[in-house]
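For reference, the chains in residue letters:
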There are 2 protein chains.
Amino acid sequence: MKKSVFLGAALMAFAAGAAQDAKWIWYPGDYALWRGNELQARRIEHGGGYPTFWASYNFHPSVQFRKRLSLAKPEVVELAVEGTLRFTGRDDLPGVTSNKYVFPAGDYQVVASVFCGAKPPALYLNGPTVKTDGSWEADWRMGGSACQPHVPAPAAECEDRFAAASARPADYRLPTRPEKAVSVSREGNRLFADFGRETFGFVKLLGANKPGRVRVVYGESEPEARELDPEKVDSWEFADVPAAGDFRMPVSRGFRYVHVLPETEGLSFRDVAMDFEWLPLERTGSFRCDNERLNKIWDVAAWTLGLTLREIPVEGAKRDRWTWSGDACQSYLMNYYLYGDRQLVKDAIWYLRGGDPVVMHVNQIMDYTFYWFTSIRDYWLFTGDAAFVKQAWTRMTSLMDFAISRLDRCGRPHADRGDWMFIDWAPEPLHNYGGVTSFEQMLFVRALEAMAELGKVAGAPEKLLGMYRVRAQKLKLEVVPLFWSAEKGALMHLLKDDGTLDPQLTRYPNMFGLAWGYFDDAQRASVLKNVIFNDKVMKIQTPYMRFYELESLCTLGRQTDVMKAMLEYWGGMLDEGATSFWELYNTDEKGLDKYAMYGRPYGKSLCHAWGASPIYLLGRYYLGVEPVKPGFAEYEVKPCLGGLKWMEGDVPTPSGPVHVRVDEKGVRVTGNGGVGKLVWKGRTVAVPPHSTAALGDE
Amino acid sequence: MKKSVFLGAALMAFAAGAAQDAKWIWYPGDYALWRGNELQARRIEHGGGYPTFWASYNFHPSVQFRKRLSLAKPEVVELAVEGTLRFTGRDDLPGVTSNKYVFPAGDYQVVASVFCGAKPPALYLNGPTVKTDGSWEADWRMGGSACQPHVPAPAAECEDRFAAASARPADYRLPTRPEKAVSVSREGNRLFADFGRETFGFVKLLGANKPGRVRVVYGESEPEARELDPEKVDSWEFADVPAAGDFRMPVSRGFRYVHVLPETEGLSFRDVAMDFEWLPLERTGSFRCDNERLNKIWDVAAWTLGLTLREIPVEGAKRDRWTWSGDACQSYLMNYYLYGDRQLVKDAIWYLRGGDPVVMHVNQIMDYTFYWFTSIRDYWLFTGDAAFVKQAWTRMTSLMDFAISRLDRCGRPHADRGDWMFIDWAPEPLHNYGGVTSFEQMLFVRALEAMAELGKVAGAPEKLLGMYRVRAQKLKLEVVPLFWSAEKGALMHLLKDDGTLDPQLTRYPNMFGLAWGYFDDAQRASVLKNVIFNDKVMKIQTPYMRFYELESLCTLGRQTDVMKAMLEYWGGMLDEGATSFWELYNTDEKGLDKYAMYGRPYGKSLCHAWGASPIYLLGRYYLGVEPVKPGFAEYEVKPCLGGLKWMEGDVPTPSGPVHVRVDEKGVRVTGNGGVGKLVWKGRTVAVPPHSTAALGDE
């Protein structure tokens, strides 16, 4: 039952009712906060560490776990704890003096108080009937008071991968396996290794002839790794090799090339290798078609996503190894079409949210706060995991309180000087603090709508949810009247504080407007003509915003246009030699220019999670599988070849993958636990649970 | 200059301007929170751990330290850090790759971002001019935003004891020295040791004949340590001795007697000893007089206080090893008359307050919240340390916001079901949730007054302070009209929710009313007759409330009565064999009864911080030394022999001790840095800085 680490965690998490084992439990979010903090701190730049610049929150050092016990006779349980533990709930509960504990017979609520200072308090109890799992309550405040009760303590958090007393959550490490470089060349005592494609792991320096200091330069491109000027290249570090022999770098890094530069006179190495490190998820999503270039795009996208999913998702394998909400939100959606894993999404959501009090936007970015809310709505739709929504609800409301406190007097999101309004990396500035943007307004509407919807799941008071709905409706109705330019036939970017529209025209609000139904038919046609298919409007250079641009076209049934764009854009990166997809791709940049960003010659990340969106687009808008009710209880399959001759693939759902095979003559779908509906050329057929349905040209 | 650990810290802390050395800095309060949490977790009961039952807060894992640098030339600094460090503030600051760092020349603000997951982030920089100390700013939220700025980042916190790169704050341990038992007896393979008096440290089991498990029982009384039933005695633990030879218990404990009970067949030891562990403060306070019984009381009180001052103050040496606000508030006052140390007070104040959001009263006790505020006012008066008041101000306001949120609709403190209203341990219940008590109302007035006064020091808006003052005045004016019983001639304890006075009459509100000027002359006389000197009113059994009872009499000039009470009450404990003062002393209890409390035969703490109040009473109301302006800038010496023939002693002040010698003929005072005023038999004379003044019978 217990596979090592969490191989197959995705499947196990999706297998309803399978979790009868005892598990480690902790206060919801605490483990993700702690692990997420540790992970962010592994970033390096110019040889040194690089802590995040947003507020970080810590785990609760003292936690109470509660459960009502009903024991006909005394029960002996196996016990393991991170920290100091005491049971209360009745007077005769003895102190904890070993890894066995005897609960007396009777009907009583037991409270396990756990303190731990250096890592999150966690508890594991495994007896015949007494087992720690998500049915225990977790609290850090002893239940509140009578006149100011707090929201009922959420269920304790647990994961299937920690289903043994010995598997302490804080000791968890990603698995590794040894790998060799494709080529290693030597120049004097320097070694230069190429691992053949973008990868991730611990570099190993083999056969040192003596102790000494070495500088290790990591490169995603060859010129980057060959660059000797430490000012020009970001990702390098010193290592002090303590003795002759083999040495493994202490921290895993993302790279394709490694340059080993001994600093100590006479120090040399025999070889360079690595321990590849990965998040062991099972790919239950797949895609194949007649276009080999597209297949290659899908493969490289999947590899890109895999490299950026670490202990929690980060945005780039090499740089910056941080977890960003806007980026992560896309990683989650790709994950739903590749692995269908829940834990990685939950952990990133916890980490990004942090704790209370809220003192800044998520990642300090206003839009990233709004994406945080919509990512939970996506999570709910794709997983149906109501327990998480309930656990996270108090942190959702306190973040929304913060967001509302930052609105201007018209109730519109208006970035403040200390806030960062990101939107996208673009050649012209998108961030103007002297007004409100249509883009942020539309995002905030989505965030409010998510709160109104999720609040029902969490059991929040209708009055509160009504307030969210009213705000959302008011803002949503305003957008077109406020931002529409009759002259440009499109939504404008910025409404200035003086009440006039700034002349800047961007794709962002217009593509969101298309996807989210802001326009009537005439407006839609105008936007497509004047913005989307207008080459004079600034092109989007990041896969990040191309994700939404292409998605908006797909929602309009423009899959053939999107196919062309995908082959050109992601195919273009392949032509440039990409083995993983990039942070930004400007087809005009050639030579070394394509590696530059942020004013640094090798500043660009060449393995960026948001580069992997074809996984999502192909799964959702070509294979056409999407949930209709939370957790795929009901789902729709509406395939669209978009110019392909045939395609075939799988989309993960909580009850197992949905398989789709389409060619020009017809489509066949094999469903799993949920109730499917297959839509093809205007016809519809049901896909009952665990069965196959087909539609074709008669 | 650097003595080991913090020997002499009291003097150094009091020596203005002496701090030119670089010091470790951290976010204010973080180190005390972390250390305080760890300390609380060392409590044991019935062999097992015992985490606190109040909400615990964690340190900030990511902190920014800021300082404006102005360097004529590049500067090399010695660097040490707890965690991951990066400097920002200009583009050309390199990564941190060793324990030396070069700051470029120029005028710029440097930001040191430090992340640490397992202990508080801390930084040490020591260059010719760039040195970390309290002049750096500390922040965890990147400075807030323009429309919602937060209170300016407080100065980073530092302590003189950490004035070297090697002295990492988290590695700090109290010093120890080996001590032998006074007697060790043997019964079979059991050993029973008596260390002669209450003590504190690591028990050492010497000369084990083989590995094995042993049970160690700690006793403050001989019968407690001899008790073999593990249910009847609280303080014992198992130890697994790994090998033949000597073994030191891993955690230091409070005890006088130790019973060593091998569990493993055939296991035996040669001897029992200990490593005494103490907080190395210098006693700059002293007291001697013609009454040897009183001298003994002072000595035992000083020993008691010393044993309960650990890494931060706790309330009892053996039990419960926790830090309680009401108790700590008294420890601070005693400390001002024995050591004059600032750090122990600040650390306890930080720990007790915790972080934000506030979810319960301090220690979950309403009165303990109110004492927390008044303890900072005391601290300000005795030390003049404005920097701390500024650092703590935001946590003062958020706790006061919480306290105000719990008021009833008349604005009176009304305990809620989840709150604990403690007041005192007493034979009849004092805690009634069906009304408001005069006692809590008066305490809350003091808390509000403290806020109004300290807010000025912190530079808070006058409007806010005015609100505190108005609330305080309203409540204060209400007390006598609301709670006075004409029939009883005293303040009653409880005003019930139905608007009637409960018939319960207690000493508590009446003694506070005397000390804090609530009564006119007729009321005062009535209270003295009907309550204070009325043996029918329930006697106070704890030294805790005797502290305030006797203090109130001292403020009325009743030192002769108080002397009699001290000799009888604390002398009574000495007659019972006390080597440290107790949690509770009921002169009626004899034999084993005197060790019982909480329904447990040895539940009473026999070394309790609040037992040590004679130190405070003798220093403040007999030697008569007290600060008039913060930090003893001005002070008064108003000696009162209270029936003694002569007395002599020292009272610490920030600029050194004030020495007082009094007999029936006159008084001589040697002052230190501040401006003193000697008052004796209606006459007054100035004590200029660093000089001696005298008054006597001509």
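This is a predicted model, so every value here is computed, not measured.

Considerations on the sheet that holds strand β18 (residues 286-289) of chain A
Residue and element names in this part refer to chain A.
Item 1. Judged by pairing direction, the sheet is antiparallel, and its 5 strands sit side by side in the order β18-β25-β26-β27-β30 without closing on themselves. A strand with exactly one partner marks an edge of an open sheet, and here the two such strands are β18 and β30 (692-696). Going across the sheet, the axis of each strand differs from the next one's by a mean of 5°, ignoring polarity.

Some thoughts on helix α2 (residues 30-40) of chain A
Item 1. In terms of burial, α2 of chain A is a largely internal element, 10 of the 11 residues being buried.
Item 2. Listed as buried for α2 of chain A are Asp30, Tyr31, Ala32, Leu33, Trp34, Arg35, Gly36, Asn37, Leu39 and Gln40 of chain A.

What to know about the packing of helix α5 (residues 325-338) of chain B against helix α15 (residues 614-622) of chain B
All names here are of chain B.
Item 1. Relative to each other, α5 and α15 sit at 55°, their axes nearing to 8 Å. Relative to α15, α5 is oriented oblique. In the crossing of α5 with α15, the sense of the turn from one axis to the other is left-handed. Two secondary-structure elements touch here, α5 through Leu333, Met334, Tyr337 and Leu338 and α15 through Ile615, Tyr616, Gly619 and Arg620.
Item 2. Across the contact of α5 with α15, the residue classes tally to 6 nonpolar, 1 polar and 1 charged.

Thoughts on the side chain of aspartate 347 of chain A
Item 1. Checked against the element boundaries, aspartate 347 of chain A lands in helix α6 (residues 343-353).
Item 2. One polar contact links aspartate 347 of chain A to arginine 161 of chain A, side chain to side chain, over a distance of 3.4 Å.

A look at the relation of the copies chain B and chain A
Item 1. Once chain B is rotated about the relating axis by 180° and shifted along it by 0.0 Å, it coincides with chain A to within an RMSD of 0.0 Å. The superposition of one copy onto the other is thereby described by a two-fold rotation axis. Relative to the rotation axis, the C-alpha of alanine 118 of chain B is the closest in chain B, positioned 2.2 Å from it.
Item 2. When the interface residues of chain B are mapped onto chain A, 100% of them are again interface residues, pointing to one common binding face.

As for the nonpolar core
Item 1. Core analysis: the largest hydrophobic core is formed by 202 residues, its most contacted members being Phe65, Phe87 and Phe103 of chain A together with Tyr371, Met400 and Phe444 of chain B.
Item 2. Counting residues per element, this core draws most heavily on helix α9 (residues 438-458) of chain B, at 13 residues.
Item 3. Contact partners of phenylalanine 444 of chain B, with chain neighbours within four places excluded, come to Phe370, Met400, Ala403, Ile404, Leu407, Pro413 and Leu475 of chain B.
Item 4. Counting residues in each nonpolar core, the second largest holds 201 residues, with Met334, Tyr368, Met492 and Phe547 of chain A among its members.

Reading the values: rules and limits
- Residues numbered from 1 in each chain as written.
- Chains lettered and ligands numbered in written order.
- Predicted model: local features only at pLDDT ≥ 70, side-chain atom pairs only at ≥ 80, totals over all residues.
- Heavy atoms only, no water.
- Pairing = 2+ DSSP bridges.
- Helix = DSSP H or I, 4+ residues; strand = E, 2+ residues; numbered from the N terminus.
- Axes fitted to C-alpha atoms, helices over the stretch in contact; angles between N-to-C directions.
- Buried < 20%, exposed > 50% of the residue type's maximum accessible area, 1.4 Å probe, protein only.
- Parallel < 35°, antiparallel > 145°, perpendicular 65-115°, else oblique.
- Left-handed = near helix turned anticlockwise from the far one by under 90°.
- Contact = heavy atoms within 4.5 Å.
- Nonpolar A, V, L, I, M, F, W, Y, C, P; charged D, E, K, R; others polar.
- Polar contact = N/O pair within 3.5 Å; in protein donor to acceptor, adjacent residues only side chain to side chain.
- Least-squares fit on C-alpha atoms with pLDDT ≥ 70 in both.
- Core = buried A, V, L, I, M, F, W, Y, C linked by side-chain atoms within 4.5 Å.

By themselves, these figures tell us nothing about what the structure is for.
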